[in-house]
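Secondary and tertiary structure notes
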Amino acid sequence: MPPATVPPQQRPAAPSAPSPAPSVVSSAAAAAPAAAAPGRRSGAVALVASLLGFSVITIDVSAVNIALPAIRSSLHGGMTGLQWVVDSYTLMFAALMLSAGALADRAGARRAYAWGVALFTLASLGCAVAPGIGALIGARIVQGAAAAVVMPASLALVRQAYDDARLRARAIALWTVGGSVAMAAGPVLGGVLTEAVDWRAVFLLNLPVGVVILVLLARTARSARRPAPLDLPGQLSAVATLAGLAYAVIEGGHRGWTSGPVLLAAAVAVAGGAAFVTAEKRHAAPMVPLGLLRRRQVTVPLAAGFALNAGFYGVVFLIGLYLQQLRGLSGTAAGLVFVPLAAVTTAMNLISPRLAERFGRRAVIAAGMTLMALAMGVLLALTGTTPVWAVVLLLAPTGVGGALAVPALTALLMEAVPEHRAGTASGLLNALRQTGGALSVALFGMLLQDGGEDFSLSGMRWGLVVVGAVLAVTAVLATRLPRGGARG
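Turning our attention to the overall build of the protein. Tallying secondary structure elements over the protein gives 17 helices and 0 strands in all. By the burial criterion, 59% of the 488 residues in the protein qualify as buried. For the protein, the share of sequence-separated contacts (at least 6 apart) that also reach a separation of at least 24 residues comes to 82%. As displayed, the protein has an accessible area near 17600 Å², and 67% of this comes from carbon and sulfur atoms.

Below you can see the structure in the form of structure tokens.
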């Protein structure tokens, strides 16, 4: 998704995986030092390599959502298994995103990107040959870890390849447009591959692309390395916190909230959170300086990003299952339903910055959050007989609301932190956005099994109400942002 601004920072941050609107900032793009002054041809090769990596990760996420019913039928994992297929990837992506930029700095953008692509490709092969749902989930965990490395390194590679600011801006624009195209193509491609071949083909597609990327990287300039501190205690405690929280939410609906494993997971989440706070207080170079969280201009955009992705990713997960399990649509037909949503999101990404300049960021953020909350209410009208064209129309507000708010809230966040902390703030925002999406999938998956049904309409509606309430609260918080935080 297109960054609205790419300010210079000293510490790289990871851009987010595909979502309703751009992550907006990747300090990796601005901070990565150029090891050499590559020629135009070398720059084009680096851009293609970066674009392919970004696109294949984007396609993989959206295509897998459409392949979920086929995976369930093949591996007999149940709804809980499907939740883990999605969330094991997303949670690892979110947790490691906080320090992936620093890793790219230490290793150099090209080397880190090559490592990430190679690991992602091998993990994709593991997904494709997985004999059971447990093996698939394990391979998805590795995929998420690799994607967390690929994302910041790919944009840093573009920054390295273009010293000229004008050419660099064009290259980044192409990079982001490629992500938007991939987001639109993913559901359709996932449906076609699942129907024509098998759900495993969704993962096998990554193999030749990964090989092409590695060949292209061999023809790009080497990246310089620079010292970048790693906060291992903070990173490990963040992983433990998110894993414990996700396990408790997903398995609580299946095993029971008072079961031993669920209570243990909840305890791990609480202990991990406490350990994270302690680690960040004591570490000389913390991933998340806690002082950043004392300002409303920081906490409100972070909360808004969490809520927006909870709405968007939850709806994509929900509607993909609704169309196939309840309505009986083919994978290809279900994928096509999401194309207008992706188109609306891309168009709104381009309009949002202009609206922010005219009306101010606070107004645009509040309007986007409110529209997203209303979008959850609109989807309550879905029934077992709603025409497919009506489903397409009812999805539109979800794309408009998210794409309207995210560029403005991210730009506001970047202005609210010191320049040398912009990369940290960007990584934190993207991590919280991914976490919001993962927890929303966990919530919807739990409620969709209400009463033992294969797909519960009442459970779907309860999930929409809960996520809509979270969005409404953050919309109110957005109206209390200082006027000075907006401009225009």
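Picking up where we left off.
We now examine the pattern of salt bridges. As enumerated under the stated definition, the model contains 2 salt bridges in all. One salt bridge in this structure joins R140 and D60, with 2.9 Å as the shortest N-O distance. You can see R140 sitting in helix α5 (residues 133-161) and its partner D60 sitting in helix α2 (residues 40-75), a full 80 residues away along the chain. Take R140: its relative accessible area is 2%, and that puts it in the buried class. We classify D60 as buried; its relative accessible area is 1%. Among the salt bridges present, the one from D198 reaches R200, with a minimum N-O distance of 3.8 Å.

The next thing to look at is the packing of aromatic side chains. Using the criterion set out here, one finds 5 aromatic pairs in the structure. Residues W199 and F203 carry aromatic rings whose centres are separated by 6.2 Å and whose planes lie at 90° to one another, so their mutual orientation is edge-to-face. F203 sits in the buried class, given a relative accessible area of 1%.

Turning next to the side chain of S237. By the secondary structure assignment, S237 is in helix α9 (residues 232-255). For S237, a relative accessible area of 7% translates into the label buried. Polar contacts involving the side chain of S237 include one to the main-chain carbonyl oxygen of P233, which spans 2.9 Å. A polar atom in the side chain of S237 sits 3.0 Å from the backbone oxygen of G234. In contact with S237, not counting residues within four places along its chain, are G272, A275 and F276.

Turning our eyes to something else, we now look at the packing of helix α14 (residues 361-378) against helix α15 (residues 388-416). α15 packs onto α14 with a crossing angle of 150° between their chain directions and a minimal axis gap of 7 Å. By the angle between their axes, α14 is roughly antiparallel relative to α15. The interaxial crossing formed by α14 with α15 has left-handed handedness. Looking at the contact of α14 with α15, its residues break down into 18 nonpolar, 4 polar and 2 charged.

Here the focus is α15. Here α15 contains 29 residues, and its C-alpha end-to-end distance of 43 Å stays within 8% of the 42 Å for a straight helix at 1.5 Å per residue. Burial within α15 is extensive, with 21 of its 29 residues counted as buried.

The share of residues in the protein with pLDDT of 70 or more is 86%, and the mean pLDDT across the chain is 81. Throughout residues 1-38 the model reports pLDDT below 50, and contacts reaching past four residues in sequence, or to other chains, amount to 157 contacts.

Conventions we followed
The numbering scheme is per chain: residues are counted from 1 as the chain's sequence reads. Since the coordinates come from a predicted model, pLDDT governs what is reported: local features require at least 70, and pairs of side-chain atoms require 80 or more to be given and counted, while whole-chain, interface and lining totals use all residues. Think of the side-chain values as coming from all heavy atoms in the structure, minus any hydrogens and water. By the criteria applied, helices consist of DSSP H or I runs no shorter than four residues and strands consist of E runs no shorter than two, each listed in order from the N terminus. Only protein chains enter the accessibility calculation, which uses a 1.4 Å probe; a residue whose area is less than 20% of its type maximum is buried, one above 50% is exposed, and one in between is partly exposed. Every residue pair with non-hydrogen atoms within 4.5 Å of one another is taken to be in contact. Here the Shrake-Rupley method, with its probe set to 1.4 Å, supplies the accessible areas, and only the displayed protein chains count as covering residues. By salt bridge we mean one thing: a side-chain nitrogen of Lys or Arg within 4 Å of a carboxyl oxygen of Asp or Glu. For Phe, Tyr and Trp, where Trp contributes only its six-membered ring, two rings pair if their centres lie within 6.5 Å, and the inter-plane angle classes them as stacked under 30 degrees, edge-to-face over 60, or tilted in between. The definition of a polar contact used here is a pair of N or O atoms within 3.5 Å, where within protein one atom must be able to donate a hydrogen and the other to accept one, and adjacent residues in sequence count solely through side-chain atom pairs. Helix axes use the C-alpha atoms of the stretch in contact, all axes being lines fitted to C-alpha atoms, and the angles between their N-to-C directions lie in the range 0 to 180 degrees. When describing relative orientation, an angle under 35 degrees is termed roughly parallel and one over 145 degrees roughly antiparallel, while 65 to 115 degrees is termed roughly perpendicular and anything else oblique. Each crossing is labelled by how the near helix is turned from the far one, with a counterclockwise turn of less than a right angle marking it left-handed and a clockwise turn marking it right-handed. In this classification, Asp, Glu, Lys and Arg are treated as charged, Ala, Val, Leu, Ile, Met, Phe, Trp, Tyr, Cys and Pro as nonpolar, and every other residue, Gly included, as polar. To estimate the expected span of a helix, count its residues, drop one, and scale the result by 1.5 Å. Here pLDDT means the predictor's own confidence in every residue, given as a number from 0 to 100.

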